[in-house]
Amino acid sequence: MNGFPTFYIKAMIKNPIFFIYISFVLFFVYFIKGSLHITIFEFVRLFFHGYICSNLFLLISTAWVISKRYESLVFLERDVLKKQWKLLFSAFIISSVVALLPMAAMLAFKNPLTDGSFLWKGLVHFFILWTLSNMLAATIGTTIGILVQHRASILLSLLLYGYFLWKSINTTITYQQKLLNIFDDYMQVETNTMSGTIFNLNYFLDKLFLILLMLFLLLITYSVYRKKKTAYILLAVLALLAMKGVVIYGEKHVQKIRAYPTAEFAHVPYAVQTYKMDLALTNRLKNTAELEMSFSSAGDAINLLLDDCFTIDSVKVNDSPVKYSHKNNLLKIDVPYRPNETKKIVVSYEGDVQLEDDLGVLTYYVTSDAVNLPGWLFAWYPAMPEPKPSYYDVRLDASAKIYSNLGIFTGETERKGETSSLSLFAGQYQTLTDNGVTYILPIDAHLDVFQSSLKGLINQAAKARHRTLSASDLQSLQNRAYKTVIVGSWPNGLDDEGLRLVGDTLIVNDSNY
């Protein structure tokens, strides 16, 4: 049986289970299509019942067909391994065709504010999850069916698939547990709606792990039915070692949010007067930050916060290279200073920004179309904790529209102004205006609902006994003395009220309204 596997496709779809399968997929699409008005990624995250339905159909049908002795197959296809590959190809074709149903719904009912780049990312993300989970189910069904050669293979296949299903529906904390989740990694965890799915290193390692798992299962059948058993056993072991390598490599490269060494900044005799930045945001952050610093007493080193996700290219003081160290999120510059002296410090650095919180949720990030850099919490540029206002002159080059407390950056833009910290945001946002206030909100937000929630947050902050907001900031919030409101994202507990007033810009935590 060479060529297109028509026989297997007919064997899999010409039964009542296929029509039940299609009916359930359509039902689940209809049941959660309302989530598309939030974002396309929310639909992909919540569609796990559809994934499970599709997985079960392909697992049961492939296990059934490969264990059933069709007389025509005995004559036409004597090689059981070729039969397995034909079945897997058939499963891929069926999976790809049925995927058009939810993808069509995603296009038809998407949030009208969804940008084209996020739309295609959502579609690709869905197709990857749908296809990989389906092919894993089909691989389990065919492998167990070949090894057992009995209808009981369906039950055994369901038990093995059930293990991955159990891992997927539980809250995943460790990196290894996330790898065993065959659906969306954030299926059981709330994430912000601005970033969408980010195709970073961990995303691709996650999918590579599943591909290696399927390869391992296929090599088991080859080690049983091929003559060179030892070679295939060795290849299966190599596949297992590669899976372990993905775990080790991935865990090593996961960026976690760590506490900053604020104790190093007790009574420091210096302050930053001005910042001048030449900043580029692609899928990496690259910056040359020029700081003009003043000193009130003598010392022999300057400490600045700068996150460890960055690699420093050079540090210069008054145009001369100097010695420095950068570890534990602390940049220590070995240079003496005297009272009433000013120095120009230039730090050139770059790095990938993909920091996760304790639940493994991507929190601080930089991509070509999504950015979340709350400057008072995340040291994405050299600074001190709780700094006083400085003058900023920022030239920024980015493909996305960047919202900040200095204004909006589009393309190559320069913004100037005085502020205590600089925060940058980009992603699935909408811009609304009401009573002279500009609101930069997620695309699923409704202004009246948001304003009501914001009022509640401010009232709650006013009643709190222990709050991080100063009395003057709280008074400004109650008097609505702000011109811009931006929704960002940061871990709960780092800023108890979920509010931060920076000049005339109010930044609100996405998880608090």
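In what follows, the structure referred to is the one given above.
Residues numbered from 1 in each chain as written. Predicted model: local features only at pLDDT ≥ 70, side-chain atom pairs only at ≥ 80, totals over all residues. Heavy atoms only, no water.

Draft legend 1. Seen up close, the sheet that holds strand β20 (residues 505-509). Read from one edge of the open sheet, 5 strands run β16-β17-β18-β20-β19, paired in mixed fashion. In the strand order of this sheet, the two ends are held by β16 (429-434) and β19 (499-502), each with one partner. Sheet twist, expressed as the average angle between the axes of neighbouring strands with direction ignored, equals 20 degrees. For strand β18 (residues 484-488) and β20, the ladder comprises 5 bridges, and the chain directions are parallel. (Pairing = 2+ DSSP bridges. Helix = DSSP H or I, 4+ residues; strand = E, 2+ residues; numbered from the N terminus. Axes fitted to C-alpha atoms, helices over the stretch in contact; angles between N-to-C directions.)

Draft legend 2. Just the nonpolar core, in detail. In this structure, W380 and L424 are the most contacted members of the largest nonpolar core, which totals 88 residues. Among the elements that line this core, the one with the most residues is strand β13 (residues 390-404), at 7 residues. Within the second largest apolar cluster, 77 residues are counted, among which are Y21, V25, I40 and L88. (Core = buried A, V, L, I, M, F, W, Y, C linked by side-chain atoms within 4.5 Å. Buried < 20%, exposed > 50% of the residue type's maximum accessible area, 1.4 Å probe, protein only.)

Draft legend 3. A look at the sheet that holds strand β7 (residues 324-327). Ordered in space as β4-β8-β7, the 3 strands form an open sheet in which the pairing is antiparallel. Both outer strands of the open sheet, β4 (302-305) and β7, are each paired with one neighbouring strand and no more. Direction aside, the axes of adjacent strands within the sheet are offset by 15 degrees on average. As judged from the 4 bridges shared by β7 and strand β8 (residues 330-333), these two strands associate in the antiparallel manner. The residue bridging S325 from the neighbouring strand is K332, located in β8.

Draft legend 4. The packing of aromatic side chains, seen in detail. Following the criterion strictly, the structure yields 35 aromatic pairs and no others. Through a chain of ring-to-ring contacts, three or more aromatic side chains come together here, namely F43, F47, Y51, F126, W130 and F183. Over the ring of Y203 we find K207; its NZ or CZ atom is 4.7 Å from the centre of that ring. (Phe/Tyr/Trp six-rings, centres within 6.5 Å; stacked < 30°, edge-to-face > 60°. Lys NZ or Arg CZ within 6 Å of the ring centre and 35° of its normal.)

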